[in-house]
Amino acid sequence: MSPSLLLFIISIIGLSAGNPRQNPQERSRGSDPTHPSDDIFTDILSSNQGSSRFMLQGDIAVRRNRNAVNCKGKSCLWSKSVDGWVHVPYTLSHNYTSEEKALVQAAMEEVAVLTCVRFTSRHGEPSYLRICPYDGCWSYVGRVGGAQDLSLMKSGCLHWGIIQHELLHSLGFQHEQCRSDRDKYIRINWGNINQDKERNFYKMSTQNLGVPYDYLSVLHYGKFAFASDTGKPTLEPTGNPHALIGQRVGLSSLDVSKINKLYECNICSYLLPDAHGTFSWESKKNQNITTCVWLIRVPEDKVFLQFESFSIQSSPACARASVTVYDGISRESPILINKTCGNIFPLSRISSGKFVKIEFTGSGIGSSFKAIYSSIKCGGSLISTTGNFSTPQFPSKYPNSMTCVWVLTAPIGNKITLHVAPFSLEPSPGCSYDYFLLRDGRRQAKKCGHLPKLDFTSSTRSLLVNFHSDSSVQANGFFATYSFSPSSPRHQNDVPS
């Protein structure tokens, strides 16, 4: 397919690919019916209402006075081993189910992929995190020595962002709005805070690691934290009171930067947490870096990924330099794109969930690429010899404001035959409202209206099908079947992805 394909798709969806750095005014919150509040800290305060433990700032079980703790000799930071990794031993209570344990470990894994911190099962270490479902969501700040409790109550605390919030406390971080420079960025509405709650908003003498203030940190209060009048905010960003503040998803890109700076991690990593964006690599600008990781975490749905340019130094078995793409957070996740090098663009891919990990490994100055991604609500990567797909809710009417993308990929030396019947989409001049878009290399077909059937045979081993509906007028949609079969010799020069 054409390398400009995803740019085209994004333009018709109505998105514009941007810088992966978070924008407080554009950041999507996502939707999770099991996690209904606007921000992580609201959930934490709610979960901690019944706790008898005395805590500072709502969830801190230790009196420390730094955002990123600057301890003498770094005594309250977890130590770094000679291999450059920061190992944080932990135990998980047997009161957690296997699914609950897996969720905590997955939230830990995101930290591990992007930083030099490794949460590892305890094997006799004297200092370790003892993670248990006590009475609320809370943690000590930094390493305190011995068995160090971290509470994640089963009801209310076992959410991705809350887990990471408490883990970052345990690594040595205070709440973001307590930074010494916060008055440049945040206005505290003291009149809406009861006197006995004011201590939760005191500034602290912090080292801020040269990292910009982060409205969307996983450690930031929400706008209404500790409000006496819950209809009025206690925190407002200066300059733009309507900007988003606080979030309910997980680590921000600046959270990652803070961890890496505090622990002096020698690692190349980028978190891409927005609904769409671009990222790139040039070895000539990073000659001393041999490994770099990008972790895409869209707020919801799936990830549609395509490389816009690709030139990775070629070598037998891609031993000198390569790009690998995983359908998930870690190397243990299924592979979306196998170890690849050379000048042939990897085929477009759609993830099974909201995480995609891209890893570049190599040396020298002869490699570069640029990729673009977006979040899609439905669709997928289709690689079975035969199969089918349809508009959502088929044969009933499809929803309004829906975009689906399917990427069909046949084995090398094969073509794709597509049969669509029935076919019923809202008719419009130029199919500008609802449409079915088919892309095959440089060929493109856009259809709408009511057709008895639609047949197509590809000229390459990959097809992209895009369905889009606007905000009004529905129809019954389409049902498509496909199959792979050997192509003529002129089509058998494709390079595997």
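Predicted model only: the values in this text are computed from it and were never measured.

What counts and how
Residues numbered from 1 in each chain as written. Predicted model: local features only at pLDDT ≥ 70, side-chain atom pairs only at ≥ 80, totals over all residues. Heavy atoms only, no water. Core = buried A, V, L, I, M, F, W, Y, C linked by side-chain atoms within 4.5 Å. Buried < 20%, exposed > 50% of the residue type's maximum accessible area, 1.4 Å probe, protein only. Contact = heavy atoms within 4.5 Å. Salt bridge = Lys/Arg side-chain N within 4 Å of Asp/Glu carboxyl O. Helix = DSSP H or I, 4+ residues; strand = E, 2+ residues; numbered from the N terminus. Polar contact = N/O pair within 3.5 Å; in protein donor to acceptor, adjacent residues only side chain to side chain. Pairing = 2+ DSSP bridges. Axes fitted to C-alpha atoms, helices over the stretch in contact; angles between N-to-C directions. Parallel < 35°, antiparallel > 145°, perpendicular 65-115°, else oblique. Phe/Tyr/Trp six-rings, centres within 6.5 Å; stacked < 30°, edge-to-face > 60°. Left-handed = near helix turned anticlockwise from the far one by under 90°. Nonpolar A, V, L, I, M, F, W, Y, C, P; charged D, E, K, R; others polar. Disulfide = S-S within 2.5 Å.

> What am I meant to see in the nonpolar core here?
Generally speaking, nonpolar side chains in soluble globular proteins are found buried as a group. Core analysis: the biggest nonpolar cluster contains 61 residues, and Val117, Phe119, Leu129, Ile131, Leu152, Leu171 and Tyr263 have the highest contact counts within it. In contact with Leu152, other than residues within four places in its own chain, are Tyr96, Val104, Ile131, Cys132, Pro133, Gly136, Cys157, Leu158, Ile162, Ile163 and Glu166. Core analysis: the second largest hydrophobic core is formed by 30 residues, Ala410, Leu418, Phe467 and Tyr482 among them.

> How should I be thinking about the pattern of salt bridges in this particular structure?
Should their charged atoms come close, side chains of opposite charge can pair. Summed over all chains, the structure comprises 18 salt bridges. As a salt-bridge pair, Asp301 and Lys377 come within 3.8 Å of each other at their nearest N and O atoms. Of the two residues, Asp301 is situated in the loop between strand E10 (291-297) and strand E11 (302-311) and Lys377 in the loop between strand E16 (368-376) and strand E17 (378-382); the sequence distance between them amounts to 76 residues. For Lys377, a relative accessible area of 48% puts it in the partly exposed group. Between Arg443 and Asp440 there is a salt bridge, with its nearest N and O atoms 2.5 Å apart. Through salt bridges with shared partners, a single ionic network connects Glu176, Arg179, Asp181, Asp255 and Lys258.

> It is not clear to me how the side chain of Thr403 should be interpreted in this structure. Could you clarify?
As for its position among the elements, Thr403 is in strand E19 (residues 402-409). Classification of Thr403 as buried rests on a relative accessible area of 12%. A polar atom in the side chain of Thr403 sits 3.2 Å from the side chain of His468.

> Explain the sheet that holds E16 here, please?
By way of backbone hydrogen bonds, the strands of a sheet pair with one another, either parallel or antiparallel. Reading across the sheet, the four strands line up as E9-E16-E11-E14 and stay open at both edges, with antiparallel pairing between neighbours. Unpaired on one side and paired on the other, strand E9 (276-282) and strand E14 (349-350) mark the two borders of the sheet. Where E11 meets E14, two bridges bridge the pair, whose relative direction is antiparallel. Its bridge partner lying in E14, Phe304 is registered against Ile350.

> For this particular structure, what's the right way to read the packing of helix H2 (residues 40-47) against helix H4 (residues 160-171)?
A packed helix pair is summarised by two numbers, namely the angle formed by the two axes and the spacing between the axes. The N-to-C vectors of H2 and H4 enclose an angle of 80°; their axes lie 9 Å apart at closest approach. As the angle between them shows, H2 and H4 are arranged roughly perpendicular. Mapping the contact onto sequence places Ile40, Phe41, Asp43 and Ile44 in H2 and Gly161, Ile162, His165 and Glu166 in H4.

> Just to check I follow, could you spell out the sheet that holds strand E15 (residues 355-362) for this structure?
Strand order across the open sheet formed by five strands is E8-E10-E15-E12-E13, with mixed pairing between neighbours. Bordering the open sheet on either side are strand E8 (269-272) and strand E13 (335-340), each of which pairs with just one other strand. Strand-to-strand twist across the sheet, computed as the mean angle between neighbouring axes with direction ignored, equals 10°. The sheet contact formed by strand E12 (residues 321-326) and E15 spans six bridges and is antiparallel.

> Would you mind showing me how to read the packing of aromatic side chains here?
The relative placement of two aromatic rings is captured by the distance of their centres and the angle of their planes. Using the criterion set out here, one finds 29 aromatic pairs in the structure. Judged by centre distance (5.6 Å) and plane angle (55°), the rings of Tyr221 and Phe226 are tilted. Owing to a relative accessible area of 15%, Phe226 belongs among the buried residues under this scheme. Each ring, one from Phe307 and one from Phe369, has its centre 5.6 Å from the other, and the planes form 75°; the classification is edge-to-face.

> Explain the pairing of strand E20 (residues 414-424) here, please?
Note on strand geometry: in a regular strand, side chains alternate between the two faces of the sheet. For E20 and strand E26 (residues 477-486), the ladder comprises nine bridges, and the chain directions are antiparallel. Bridge pairing links Thr417 to Ser483 in E26. By the bridge criterion, four bridges tie E20 to strand E24 (residues 454-457) in an arrangement that is antiparallel. Residue pairing in the sheet places Leu418 in a bridge with Phe456 of E24. By the bridge criterion, two bridges tie E20 to strand E23 (residues 450-451) in an arrangement that is antiparallel. Counterpart to Phe423 in the pairing with E23 is Leu451.

> Explanation requested: the packing of helix H3 (residues 98-114) against H4 in the structure shown.
Viewed as axis vectors pointing N to C, H3 and H4 meet at an angle of 60°, and their least axial separation amounts to 9 Å. Like other packed secondary-structure pairs, H3 and H4 cross with a definite hand, here right-handed. Residue-level contacts link Leu103, Val104, Ala106, Ala107, Met108 and Glu110 of H3 to Trp160, Ile163, Gln164 and Leu167 of H4. When the residues that make up the contact of H3 with H4 are grouped by side-chain class, the tally is eight nonpolar, one polar and one charged.

> In this structure, what is going on with helix H5 (residues 253-262)? I would like to understand it.
Within H5, eight of the ten residues are buried, which leaves the element mostly enclosed by the surrounding structure. Within H5, burial applies to Ser253, Leu254, Asp255, Val256, Lys258, Ile259, Asn260 and Leu262. At its buried positions, H5 is contacted by H3, strand E2 (117-121), H4 and E8. Of the residues flanking the end of H5, it is Glu264, one or two places downstream, whose phi is positive at about 50°.

> What exactly am I supposed to notice about the state of the cysteines here?
Cysteine pairs can be linked by a disulfide, which is a covalent bond between their two sulfur atoms. In the structure shown here, the tally under the stated rule is six disulfides. Disulfide pairing places Cys116 opposite Cys265 at an S-S distance of 2.0 Å. Judged by the sign of its S-S torsion, about -60°, the cystine formed by Cys116 and Cys265 is left-handed. Placement of Cys116 in the loop between H3 and E2 and of Cys265 in the loop between H5 and E8 is noted, with a sequence separation of 149 residues between them. Between the sulfur atoms of Cys318 and its disulfide partner Cys341 the distance amounts to 2.2 Å. Taking the sign of the S-S torsion, about -80° here, the bridge from Cys318 to Cys341 comes out left-handed. Here Cys318 is found in the loop between E11 and E12, whereas its partner Cys341 is found in the loop between E13 and E14, with 23 residues between them in sequence. Under the relative-accessibility criterion, Cys318 is labelled buried at 11%. Residue Cys341 is classed as buried on the basis of its relative accessible area of 15%.

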